[in-house]
Amino acid sequence: MKEIITNIKGIPIYRNFVENLPYNPLLKVLLKEKRKARILSEVIFWKKVRAKKFHKIDF
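Remember, it's a predicted structure, so these values are computed and weren't measured experimentally.

**Q** Could you give me a rundown of the layout of surface pockets, with the residues and numbers involved?
**A** A volume near 250 Å³ is recorded for the largest pocket. Taken together, Leu31, Lys34, Arg35, Arg38, Glu42, Val43, Trp46, Lys47 and Arg50 form the lining of the largest pocket. Among the secondary structure elements, those contributing two or more residues to the lining of the largest pocket are helix H1 (25-37) and helix H2 (40-50). No other element matches H2, which puts five residues into the lining of the largest pocket. When the residues that make up the lining of the largest pocket are grouped by side-chain class, the tally is three nonpolar, no polar and six charged.

**Q** Describe H1, listing the residues and the values that go with them.
**A** With 13 residues, H1 extends 19 Å from end C-alpha to end C-alpha; this agrees with the ideal 18 Å at 1.5 Å per step. N-cap assignment for H1: the residue whose side-chain oxygen lies 2.9 Å from the backbone N of Leu26 is Asn24. Looking one or two places after H1, you find Arg38, whose phi comes out positive at around 55°.

**Q** So, the pairing of strand E2 (residues 11-14): which residues are in play, and what are the values?
**A** Across four bridges, strand E1 (residues 4-8) lies against E2 in antiparallel orientation. Bridge pairing in E2 links Thr6 to Ile13. A loop of two residues connects E1 with E2, the two strands running antiparallel in sequence, and Lys9 in this loop sits at a positive phi of about 50°.

**Q** Now, about the environment of Ile13: what can you tell me, with residues and values included?
**A** Following the sequence through the fold, Ile13 ends up in strand E2. Distance in space between the C-alpha atoms of Ile13 and His55 is 9.3 Å, their sequence separation being 42 residues. Once residues lying within four places of it in the same chain are set aside, the contact partners of Ile13 are Glu3, Ile4, Ile5, Thr6, Ile8 and Ile57.

Reading guide: rules and limits
- Residue positions are given per chain, counting from 1 as you read along its sequence in written order.
- At least 70 in pLDDT is required for a residue's local features to be given in this predicted model, at least 80 for side-chain atom pairs to be given and counted, and no such filter applies to totals for whole chains, interfaces and linings, which use all residues.
- To obtain the side-chain values, all non-hydrogen atoms of the structure were included, while hydrogens and water were left out.
- Within this scheme a cavity is a closed region of a 1 Å grid, computed over the protein atoms alone, that accommodates a 1.4 Å probe without allowing it to escape, whereas a pocket is open but has protein on both sides within 12 Å along at least five of seven lines; lining residues each have an atom within 4 Å of a point.
- Grid points are joined across faces, edges and corners, and a volume is the space filled by probe spheres set on the points.
- Where helices and strands are cited, they refer to DSSP runs of H or I of at least four residues and of E of at least two residues respectively, numbered from the N terminus.
- Residues are grouped as follows: Ala, Val, Leu, Ile, Met, Phe, Trp, Tyr, Cys and Pro are nonpolar; Asp, Glu, Lys and Arg are charged; every other residue, Gly included, is polar.
- How far a helix is expected to stretch is found by multiplying one less than its residue total by 1.5 Å.
- Identification of polar contacts relies on pairs of N or O atoms within 3.5 Å, with a donor-acceptor requirement for protein atoms, meaning one able to donate a hydrogen and the other able to accept it, and with residues adjacent in sequence counted only if both atoms are side-chain atoms.
- Strands were regarded as paired on the criterion that DSSP finds at least two bridges between them.
- Here a residue-residue contact requires only that any non-hydrogen atoms of the pair lie within 4.5 Å.

Right under this line is the structure:
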């Protein structure tokens, strides 16, 4: 049975552990572009994640 780690607007969020996450080197370039673009949603998301205030989900 999956462990529920939090609820977002009444929807349960389950712990989902992936052992062998595939690596795509092309995503690294996209990530760098997004960081440089300073897209507002990205900035807000990562601020919440770093402050450990994103629905108690560990990244």
